[in-house]
Amino acid sequence: MQKKIFITNGMARCGKDTFAEILNRYVPTLKVSSIDQVKQIAETCGWSGKKDEKSRKFLSDLKLLLTDYNDLPFKSISDTVYHFKKNTLHNVLLIDIREPIEIERAKNEFDASTILIRRNSIQNITSNSADAGVFNYDYDYIIDNNGTLDDFEGQIIKFGLDVGIIGGEDK
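Residues numbered from 1 in each chain as written. Predicted model: local features only at pLDDT ≥ 70, side-chain atom pairs only at ≥ 80, totals over all residues. Heavy atoms only, no water.

Here's the deal with the layout of surface pockets
No. 1: Taken as a whole, the largest pocket encloses approximately 480 Å³ of empty space.
No. 2: Lining the largest pocket are 25 residues, and of these Lys16, Ile35, Lys51, Arg56 and Arg98 lie nearest its centre.
No. 3: Going through the elements one at a time, α1 (16-26), β2 (29-33), α2 (36-44), α3 (53-70) and α6 (129-132) are the ones with two or more residues in the lining of the largest pocket.
No. 4: Element by element, the count of residues in the lining of the largest pocket is highest for α3, at four residues. (1 Å grid on protein atoms, 1.4 Å probe; cavity = no way out; pocket = protein on both sides within 12 Å on 5 of 7 lines; lining within 4 Å. Points joined across faces, edges and corners; volume = space filled by probe spheres on them. Helix = DSSP H or I, 4+ residues; strand = E, 2+ residues; numbered from the N terminus.)

Structure (structure tokens):
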């Protein structure tokens, strides 16, 4: 199977991590976020790991500063993509990115497709620029997570079959 890269997005608690966990049951999947390095730096600055509105804005602003200063978040993702393409452990890479400009950049740079995961019961977050821009992009795929966990798994399997990353065998 050819390795595939997807940029994932959605509001907090929409099911991005669950999407990755379920997909990994059917195809070896690696998931990273464009703010993984940002979080490490934020912890050095005293961030406790809590993701309240103030912290989400802090992380968003810090990512913007690091992007402007030396493009660290994108360089980190680029390094992950390089190693993903070289290793044999995973066939799918999911990269969480919030900002539409960064999504488009990664899509072009890594020949990736984009996925929006939506959940109607989740309130939109607008307190920071990263979360506020989630729906300001024309995604290749939209997956709704509005039913049961089994319903969500069914949608993920259908998606995997449609894009050719799941071969149809049951696990």
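Anyway, onward from the coordinates.
Considering empty space enclosed by the protein
A water-sized probe, rolled over the atoms, reveals where empty space remains.
No. 1: This model, assessed by the stated rule, comprises one cavity of 30 Å³ or more.
No. 2: Ser34, Lys63, Pro73, Phe74, Ile77, Ile97 and Glu102 are the residues that line the largest cavity.
No. 3: Sorting elements by how many residues they give to the lining of the largest cavity places helix α4 (residues 72-86) first, with three residues.
No. 4: Per-class residue counts for the lining of the largest cavity are four nonpolar, one polar and two charged. (Nonpolar A, V, L, I, M, F, W, Y, C, P; charged D, E, K, R; others polar.)

Looking at the packing of aromatic side chains
No. 1: Inspection of the entire model under this criterion finds five aromatic pairs.
No. 2: On the numbers, 5.1 Å between centres and 65° between planes, the contact of tyrosine 137 with tyrosine 139 is edge-to-face. The two residues tyrosine 137 and tyrosine 139 agree in class, both being buried.
No. 3: On the basis of an interplanar angle of 80° and a centroid distance of 5.2 Å, the ring pair of tyrosine 141 and phenylalanine 159 is categorised as edge-to-face. Taken as a pair, tyrosine 141 in strand β5 (residues 141-144) and phenylalanine 159 in helix α7 (residues 149-163) lie far apart in primary sequence, 18 residues in all. (Phe/Tyr/Trp six-rings, centres within 6.5 Å; stacked < 30°, edge-to-face > 60°. Buried < 20%, exposed > 50% of the residue type's maximum accessible area, 1.4 Å probe, protein only.)

Here we look at the nonpolar core
No. 1: If you look at the biggest cluster of nonpolar residues, it comprises 22 residues, and the most contacted ones within it are Ile5, Ile7, Val81, Leu93, Ile95 and Phe110.
No. 2: When residues of this core are traced back to their parent elements, those giving at least two are β1 (4-9), α4, β3 (92-96) and α5 (100-110).
No. 3: Apart from residues no more than four positions distant in its own chain, isoleucine 95 is found in contact with Ile5, Phe6, Ile7, Thr8, Val32, Ile77, Val81 and Phe110.
No. 4: Listed in part, the 19 residues of the second largest apolar core include Tyr26, Val27, Phe152 and Val163. (Core = buried A, V, L, I, M, F, W, Y, C linked by side-chain atoms within 4.5 Å. Contact = heavy atoms within 4.5 Å.)

What about the pairing of strand β4 (residues 113-118)?
No. 1: Direction of pairing for β1 relative to β4: parallel, over a ladder of four bridges. The partner of asparagine 9 across the bridge, within β4, is leucine 116.
No. 2: Here four bridges tie β4 to β5, and the two strands are oriented parallel to one another. Looking at β5, one finds that leucine 116 is bridged to isoleucine 142. (Pairing = 2+ DSSP bridges.)

Details of unusual backbone geometry
No. 1: In the Ramachandran plot, arginine 13 falls in the positive-phi region, its phi being about 70° despite a non-glycine side chain.
No. 2: Here arginine 13 is to be found in the loop between β1 and α1.
No. 3: The class of arginine 13 is exposed, set by a relative accessible area of 65%.
No. 4: Phi at aspartate 71 takes a positive value of approximately 60°, unusual for a residue other than glycine.
No. 5: Mapped onto the secondary structure, aspartate 71 falls in the loop between α3 and α4.

Points about the pattern of salt bridges
No. 1: By the definition in use, this model includes eleven salt bridges.
No. 2: When the shortest N-O distance is used, the salt bridge between lysine 50 and aspartate 52 registers 3.8 Å.
No. 3: Taken together, the shared-partner salt bridges connect Asp17, Lys31 and Asp96 into one network. (Salt bridge = Lys/Arg side-chain N within 4 Å of Asp/Glu carboxyl O.)

A closer look at α5
No. 1: Within α5 the residues assigned to the buried category are Glu102, Ile103, Ala106 and Phe110. All buried residues of α5 fall inside an arc of 105° around its axis, so they share one side. For α5, the exposed residues set more than 90 degrees away from the buried face come down to Ile101 and Asn108.
No. 2: For α5, the elements touching its buried residues are β1, α3, α4, β3 and β4.
No. 3: Once α5 ends, the next one or two residues include aspartate 111, with phi positive near 50°. (Arc of directions from axis to C-beta.)

Honestly, it's all geometry; don't read function into it.
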